[in-house]
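# Coordinate analysis (summary)
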Amino acid sequence: MKYKIAICDDSEADRQYVLHMVTSWAEGAGHMVHTDTFSSAENFWFHYAEENDYDLLLLDIEMGEMDGVTMAKQLRRTNDTVQIVFITGYSDYISEGYEVAALHYLMKPVKEEKMFAVLDRATDKLSRNEKVLNFEVSREMVRVPVYQIWYADVFGNYVTIHATQDITVKMTLGDLEKQLDERFYRVGRSVIVNLTQISRVTKAEIKLLDGTAIPLPRGAYDGINRAIINMR
């Protein structure tokens, strides 16, 4: 596989250090990579306007005018497939990863084995994003990439899949669950949610990145939080 990777850090030494690890990982894993480095969020955005096909973004948080979290939030408005990995010297920002569906946080100084493990996870997720489900709707076949499914709920004998468009099909929620992967979590008897699309969880509801609020059944709070933690 070939992957396009961006490294964004205002420290030249850190950029070169991360670049060296990415190159070593690619050689060892047998992947082809195209890697670009950027010294600021603004520099990345200028380039991204012309080339917006990055698979993975290794992003420092503490930078100049625009910090890494702000940049990631802007990016997520138009791109929900790029894998974002934050690299930071501080643990204070970890809670903000919910809002941009960050794959992981790496603490500086980054150890090679941890970087390699995160890169393996990122490429695994990218390969799984290619999976597509087929649904027959009004005698037509509708193809839905799994990564585009935000959540699904059931009413009677019908399930509605909420993706870039809502699709309602006659099936059980259990049958849909069997076709999904570990990104998805069954919340009670009536909802399956994509864990990567959750922005926050309260005792009463799950809030998704697009603002959708899903009521949380009594007793489900601890379970979904454990599932989110295990995904990271």
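Placed above this text is the structure.
One structure accompanies this document, and this report is about it.

The rules behind the values
- Residues numbered from 1 in each chain as written.
- Predicted model: local features only at pLDDT ≥ 70, side-chain atom pairs only at ≥ 80, totals over all residues.
- Heavy atoms only, no water.
- Helix = DSSP H or I, 4+ residues; strand = E, 2+ residues; numbered from the N terminus.
- Rg over C-alpha atoms; globule rule 2.2 N^0.38 Å.
- Buried < 20%, exposed > 50% of the residue type's maximum accessible area, 1.4 Å probe, protein only.
- Contact = heavy atoms within 4.5 Å.
- Areas by Shrake-Rupley, 256 points an atom, 1.4 Å probe, with all protein chains shown as cover.
- Lys, Arg positive; Asp, Glu negative; His and termini not counted.
- Charge placed at Lys NZ, Arg CZ, Asp CG, Glu CD.
- Pairing = 2+ DSSP bridges.
- Salt bridge = Lys/Arg side-chain N within 4 Å of Asp/Glu carboxyl O.
- Arc of directions from axis to C-beta.
- Axes fitted to C-alpha atoms, helices over the stretch in contact; angles between N-to-C directions.
- Parallel < 35°, antiparallel > 145°, perpendicular 65-115°, else oblique.
- Left-handed = near helix turned anticlockwise from the far one by under 90°.
- Nonpolar A, V, L, I, M, F, W, Y, C, P; charged D, E, K, R; others polar.

So, on to the overall build of the protein. For the protein, the helix and strand inventory stands at seven helices and 15 strands. In summary, the protein has a C-alpha radius of gyration of 19 Å against a globular reference of 17 Å for 232 residues, a match within 12%. Evaluated residue by residue, the protein yields a buried proportion of 47% over its 232 residues. If you take every contact in the protein between residues at least 6 apart in sequence, the share linking residues at least 24 apart comes to 52%. In the structure as shown, the protein presents an accessible area of about 12,200 Å², 48% of it carried by carbon and sulfur atoms. If you average the places of the 26 positive and of the 35 negative side-chain charges in the protein, the two averages end up 9 Å apart.

Glancing now at the pairing of strand S9 (residues 158-162). In terms of burial, S9 is a largely internal element, four of the five residues being buried. Pairing of strand S8 (residues 151-155) with S9, which is carried by five bridges, proceeds in the antiparallel orientation. Note that in S9 the partner of Phe-155 across the bridge is Tyr-158. Hairpin connection between S8 and S9: a loop of two residues separates the two successive antiparallel strands, and Gly-156 in this loop has a positive phi of roughly 65 degrees. Remark: three residues form the turn of the hairpin made by S9 and strand S10 (residues 166-170), two consecutive strands paired antiparallel.

For the rest of this paragraph, the subject is the pattern of salt bridges. Considering all chains together, one arrives at eight salt bridges under this definition. A salt bridge links Lys-4 to Asp-53; the nearest nitrogen and oxygen atoms lie 2.8 Å apart. One end of the pair, Lys-4, is in strand S1 (residues 2-8); the other, Asp-53, is in the loop between helix H2 (41-48) and strand S3 (56-60), and 49 residues separate them in sequence. The class for Asp-53 is partly exposed, based on a relative accessible area of 47%. With its nearest N and O atoms 3.0 Å apart, the salt bridge here joins Lys-108 to Asp-14. In this pair, Lys-108 sits in the loop between strand S5 (104-107) and helix H5 (112-128) while Asp-14 sits in helix H1 (residues 12-29), placing the two residues 94 residues apart along the sequence. Residues participating in the shared-partner salt-bridge network are Asp-9, Asp-14, Asp-60 and Lys-108.

The next subject is the environment of Ser-39. In this structure, Ser-39 sits in the loop between strand S2 (32-38) and H2. Each residue touching Ser-39, except ones within four places of it in the same chain, is listed here: Asp-9, Asp-10 and Arg-15.

Among the residues making up H2, those that are buried are Ala-41, Phe-44, Trp-45 and Tyr-48. All buried residues of H2 lie within an arc of 100 degrees about the axis, which places them on one face of the element. Tucked inside the fold, the buried residues of H2 contact S1, S2, S3 and helix H3 (68-76).

Turning next to the packing of H1 against H5. Two elements in contact, H1 and H5, have axes whose closest approach is 10 Å; the angle formed by their N-to-C orientations is 60 degrees. Regarding the angle of H1 to H5, the classification is oblique. In this structure, H1 meets H5 at a crossing whose hand is right-handed. On the side of H1, the interface is formed by Val-18, Met-21, Val-22, Ser-24 and Trp-25, while H5 contributes Glu-112, Met-115, Phe-116, Leu-119, Asp-120 and Thr-123. Per-class residue counts for the contact of H1 with H5 are seven nonpolar, two polar and two charged.

A separate point is the sheet that holds S2. Sheet architecture is open: five strands sit in the order S2-S1-S3-S4-S5, paired in parallel fashion. Whereas interior strands pair on both sides, the edge strands pair on one side only; in this sheet they are S2 and S5. For this sheet, the mean angle separating the axes of adjacent strands, direction not counted, is 20 degrees. In the packing of H1 onto the sheet, contacts are made with S1, S2, S3 and strand S4 (83-88), and the angle to S2 comes to roughly 175 degrees.

We now examine the pairing of strand S7 (residues 140-145). Both strand S6 (residues 132-137) and S7 contribute to a ladder of six bridges, which runs antiparallel. Its bridge partner lying in S7, Glu-136 is registered against Met-141. Taking the residues that link successive antiparallel strands as the turn, the S6-S7 hairpin has two residues, and the phi of Ser-138 there is positive, at about 50 degrees.

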